[in-house]
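What follows is each chain in one-letter form.
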Amino acid sequence: MKKLLFLIMFISLCLSSISAQQKVNEAQVRQQIGAVASRMKSMQCDFVQTKHLRMLNEKMVSRGKMYYQQGNRLRWEYTSPYAYTFVINGSKVLIRKNKRSDVINVNQSKMFKEIARIMMNSVVGNCLNDKRDFKVSLTGSSSEYIATLYPQQKQMKMLFQKIILHFHKTRSVVTQVELIEKKGDRTIIELKNIKTNAAINTKVFQVN
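Labelled according to an unreviewed UniProt entry, the protein appears under the name Outer membrane lipoprotein carrier protein LolA, originating from Segatella hominis.

Below, the structure written as structure tokens:
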């Protein structure tokens, strides 16, 4: 459960070859992504998640939808091959699997409060400036910026070696995330059909 929740938080989701990577002006890139994040009122997209299991030499593919809205609202919903929904709305978190639903007040759980905070920072790229959670290295290619995040928090270090965020170079939004786990498994999340600042029905974020 804990690993799934930490995985969900990196929405916002294959490394380019080293020869294609270029040094970038990190301060300028952070400023550019931060400016876009500050103007982003909402974001919605489809996603494809591919988990590669090193020991079994196989992969598992799942699909779903993500919705984000300013004001600490986020919905991460798996639709195939199983149904699983995770919703943050302010201080409340809804977890729904099949017909079971649980609502948690993040202010009463340190773990969920941290998950909610990191998730919101990650969705729009604010995690690049959060030194408490990650040490960040930035490179670039002709079409994207690549941010490699090295976890600093104990719980995150236990789960992940590093997390790689891919940002569209002109739109400055996350398009892909790669999570490298401690045991060598990796998960790639590709964000598709991204729409920003489009209206979202508030019912999407209901937690009751």
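Observations concerning the overall build of the protein
Looking only at helices and strands, one finds four helices and twelve strands in the protein. Across the 208 residues in the protein, those meeting the buried criterion constitute 49%. Accessible surface computed for the protein: about 10800 Å², of which carbon and sulfur atoms make up 48%.

Let's talk about the pairing of strand 2 (residues 42-53)
Most of strand 2 is tucked away, with ten of its twelve residues classed as buried. Adjacent in sequence and paired antiparallel, strand 2 and strand 3 (residues 58-69) are bridged by four residues, among which Asn57 carries a positive phi angle near 55 degrees. Pairing of strand 2 with strand 12 (residues 186-196), which is carried by nine bridges, proceeds in the antiparallel orientation. Opposite Asp46, over in strand 12, you have Lys192 as the bridge partner.

Here we look at the environment of Asn197
The topology assignment puts Asn197 in the segment after strand 12. Under the relative-accessibility criterion, Asn197 is labelled partly exposed at 45%. For the pair Asn197 and Gln69, spaced 128 residues apart in sequence, the C-alpha to C-alpha distance is 8.6 Å. A distance of 2.5 Å separates the side chain of Asn197 from the backbone nitrogen of Lys41, its partner in a polar contact.

Basis of the calculations
- Residues numbered from 1 in each chain as written.
- Predicted model: local features only at pLDDT ≥ 70, side-chain atom pairs only at ≥ 80, totals over all residues.
- Heavy atoms only, no water.
- Helix = DSSP H or I, 4+ residues; strand = E, 2+ residues; numbered from the N terminus.
- Buried < 20%, exposed > 50% of the residue type's maximum accessible area, 1.4 Å probe, protein only.
- Areas by Shrake-Rupley, 256 points an atom, 1.4 Å probe, with all protein chains shown as cover.
- Pairing = 2+ DSSP bridges.
- Polar contact = N/O pair within 3.5 Å; in protein donor to acceptor, adjacent residues only side chain to side chain.

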